[in-house]
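Observations on the model geometry
Each chain is listed here by its residues.
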Amino acid sequence: MEKVALITGVTGQDGAFLAEFLLKKGYIVHGVKRRSSLFNTERIDHLYRDPHETDVRFFLHHGDLTDSTNLIRIIQEVQPDEIYNLAAQSHVQVSFEEPEYTANADALGTLRLLEALRILGLTDKTRIYQASTSELYGKVRETPQKETTPFYPRSPYAVAKLYGYWITVNYREAYGIYACNGILFNHESPIRGETFVTRKITRAVARIKLGLQDTLYLGNLNAKRDWGYAGDYVRAMWLILQQDRPDDYVIATGETHAVREFVELAFKAAGIDIKWEGNGIDETGRDAAGKVLVRIDPRYYRPTEVDLLLGDPAKAKAQLGWSPKVSFKELVAMMVREDCKRAERDILCKQHGYAVADSFE
Ligand code: NDP
Ligand code: GDR
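Residues numbered from 1 in each chain as written. Chains lettered and ligands numbered in written order. Predicted model: local features only at pLDDT ≥ 70, side-chain atom pairs only at ≥ 80, totals over all residues. Heavy atoms only, no water.

How we decide: UniProt positions are given in the numbering used here, feature names are shortened, and annotations may be inferred rather than shown by experiment.
The name recorded for the protein chain in an unreviewed UniProt entry is GDP-mannose 4,6-dehydratase, from Methylomusa anaerophila. Taken directly from UniProt, the Catalytic activity (unreviewed entry) text for the protein chain runs: "GDP-alpha-D-mannose = GDP-4-dehydro-alpha-D-rhamnose + H2O". If you open the UniProt record of the protein chain and go to Function (unreviewed entry), you find "Catalyzes the conversion of GDP-D-mannose to GDP-4-dehydro-6-deoxy-D-mannose."

**Digging into the site of ligand 2**
We count it as follows: Proximity criterion: a residue is near a molecule or strand once any of its heavy atoms comes within 4 Å of it. Counted as a polar contact is a pair of N or O atoms within 3.5 Å, where, for protein atoms, one must be capable of donating a hydrogen and the other of accepting one, and residues adjacent in sequence contribute only when both atoms are in side chains. Areas reported here follow the Shrake-Rupley algorithm with a probe of radius 1.4 Å; residue values treat only the protein chains shown as occluding. Here the nonpolar group is Ala, Val, Leu, Ile, Met, Phe, Trp, Tyr, Cys and Pro; Asp, Glu, Lys and Arg are the charged ones; every other residue, Gly included, is treated as polar. Where each domain starts and ends comes from a domain assignment, either automatic or drawn from a database.
Taken together, 22 residues form the shell around ligand 2, and within it Ser-90, Thr-133, Tyr-157, Arg-302 and Glu-305 come nearest. One of the side-chain nitrogen or oxygen atoms of Lys-200 is found 2.8 Å away from an oxygen atom of ligand 2. For ligand 2, whose free accessible area comes to 700 Å², the fraction covered by protein is 96%. Here the shell around ligand 2 is composed, by residue class, of eight nonpolar, eight polar and six charged. Residues from two domains meet in the shell around ligand 2; each of domain 1 (4–189 + 226–251) and domain 2 (197–224 + 257–308 + 327–351) gives at least three.

**Let's talk about the UniProt feature "domain: NAD(P)-binding" (unreviewed entry) in the protein chain**
Threshold: Here a strand is any run of E in DSSP of at least two residues, a helix any run of H or I of at least four, and the numbering for each starts at the N terminus.
According to UniProt, the feature "domain: NAD(P)-binding" (unreviewed entry) maps to residues 6–335 in the numbering used here. Spanning residues 6–335, this segment combines 36% helix with 17% strand, and its end C-alpha atoms are found 28 Å apart.

**Quick word on the environment of Gly-228**
Selection rule: Only protein chains enter the accessibility calculation, which uses a 1.4 Å probe; a residue is then buried when its area is under 20% of its type maximum, exposed when over 50%, and partly exposed in between. Residue contacts are counted whenever heavy atoms from the two residues lie within 4.5 Å of one another.
Mapped onto the elements, Gly-228 comes out in strand β10 (residues 228–229). Owing to a relative accessible area of 2%, Gly-228 belongs among the buried residues under this scheme. Residues Gly-228 and Glu-330 lie 102 residues apart in sequence; the distance between their C-alpha atoms is 10.0 Å. Other than its neighbours up to four places away in sequence, Gly-228 contacts Asn-186, His-187, Glu-188, Tyr-233, Thr-253 and Leu-331.

**Quick look at the site of ligand 1**
Around ligand 1, the structure places 25 residues, and the nearest of them are Thr-11, Arg-34, Ser-90, Tyr-101 and Tyr-157. In this structure, Arg-34 approaches ligand 1 through a side-chain N or O atom, which is 2.7 Å from an oxygen atom. When ligand 1 is considered free in solution it has 900 Å² of accessible area, and contact with the protein chains removes 89% of it. At the level of elements, α1 (13–24), α4 (99–119), β5 (127–133) and α5 (156–175) are the ones that each hand at least two residues to the shell around ligand 1. At three residues, the largest contribution of residues to the shell around ligand 1 is made by β5.

**Quick word on the environment of Ala-107**
On the secondary structure map, Ala-107 appears in helix α4. Note: C-alpha distance between Ala-107 and Ile-167 (60 residues apart in sequence) is 8.5 Å. When neighbours within four sequence positions are excluded, Ala-107 is seen to be in contact with Thr-102, Ala-160 and Tyr-163.

**Quick notes on the sheet that holds strand β13 (residues 275–277)**
Inclusion rule: In this analysis, strands are considered paired if DSSP registers two or more bridges between them. For helices, the axis comes from a line fit to the C-alpha atoms of the stretch in contact; other axes are also lines fit to C-alpha atoms, and the angle between any two N-to-C directions lies between 0 and 180 degrees.
The strand order across the open sheet formed by four strands is β8-β15-β14-β13, and the pairing between neighbours is mixed. Looking at strand neighbours, the two that pair on one side only are β8 (216–218) and β13, the edges of this open sheet. Across this sheet, the average inter-strand angle for adjacent strands is 25°, counted without regard to direction. Where β8 and strand β15 (residues 292–296) come together, three bridges link them in parallel fashion. Opposite Tyr-217, over in β15, you have Arg-295 as the bridge partner. On the sheet, helix α6 (residues 197–209) packs against β8 and β15 and is oriented at approximately 160° with respect to β8.

This is the structure:
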């Protein structure tokens, strides 16, 4: 029998990678997407087929994690073997501006899915994966961070995800649901949202290289992250739901790099050497000719920062047989390469009189 998966957040970076991965494994995949005034399916358009065709295996449903009745209806219709709860207001800085909405979608949204399984009598049938995060570790208590490291969330996003983590554990213990947390460290790709720091950097590097932009404005260059490749991480999500017993796992590379290093490597991948000058908000990154390419804008500083994330994926390696395949250097180069192609396309569009979006925050 073919397995049926339901992915919330299917239009996001991970949703797109996971949908493709599961379709390749022979799953029938259903995705929940929000209604939006413009198309928001760019990342999954290549997977979508007209539902009137035969042998369609990928279906989309309108839905929202803030709407219980809608989630219950979708789950009742789909009767999934596996649910991957990837939907979230996932931007840490935005969560300081929209804390209540973030809690509603990220914390209560998780509860709504778990309750739907109970209401529909699917606690024995449906396995559920919760997209937990290294942001739970927040303020450094121990490095590297592993499954037993205490949590200390440092943003409304992380606090909401803390609830999501524990409600998942609680429903596993209380009702015997196969419910698991993947505590995933940062993972990136050429389809990463443009306002996360990695993509913001690689997009700007490409546009600076091709003359579409002069300067890249950033916040804290000293924050350190354990960055991996999203394609590797969705494989871990699937493995987590294929074990004999439900459990929680750290998924990380075991390497950490500062934002500053990411900037240097990204420019290098585009053939530009960056030299740093000055300190704090006056720090600049210059090319060999002395032109300022990187400046600090304190608007991007966070009220409370997470200084250092470094994960220990030993448990995932031992129990899931998972390890990352794409290195940090390969990831940066891949992202710069793809953004250079997009910048070239933007130049063509401009030359033919079509408007293109110039800047992202
Ligand atoms: P994205 O921001 O790229 O995607 C988030 C998805 O959630 C989008 O499809 C978005 O829809 C959808 N969404 C947002 N709010 C709602 C809502 N109220 N109802 C339904 N759908 C909603 O995130 P990623 O793909 O990067 O991350 C996937 C998950 O993993 C998230 O939960 C994130 O918090 C978590 N995570 C991510 C990590 C990473 O490094 N990428 C690391 C650890 C955890 P739309 O397209 O319409 O905006
Ligand atoms: P993060 O990712 O907060 O780790 O959350 P992000 O890329 O937004 O920030 C990483 C670090 O870079 C610093 N930074 C900047 N960040 C942004 N966005 N823009 C800037 O201009 C900038 N300058 C410096 C930040 O201060 C931070 O320290 C991501 C999300 O995907 C979450 O959903 C996920 O849970 C975690 O990763 C793991």
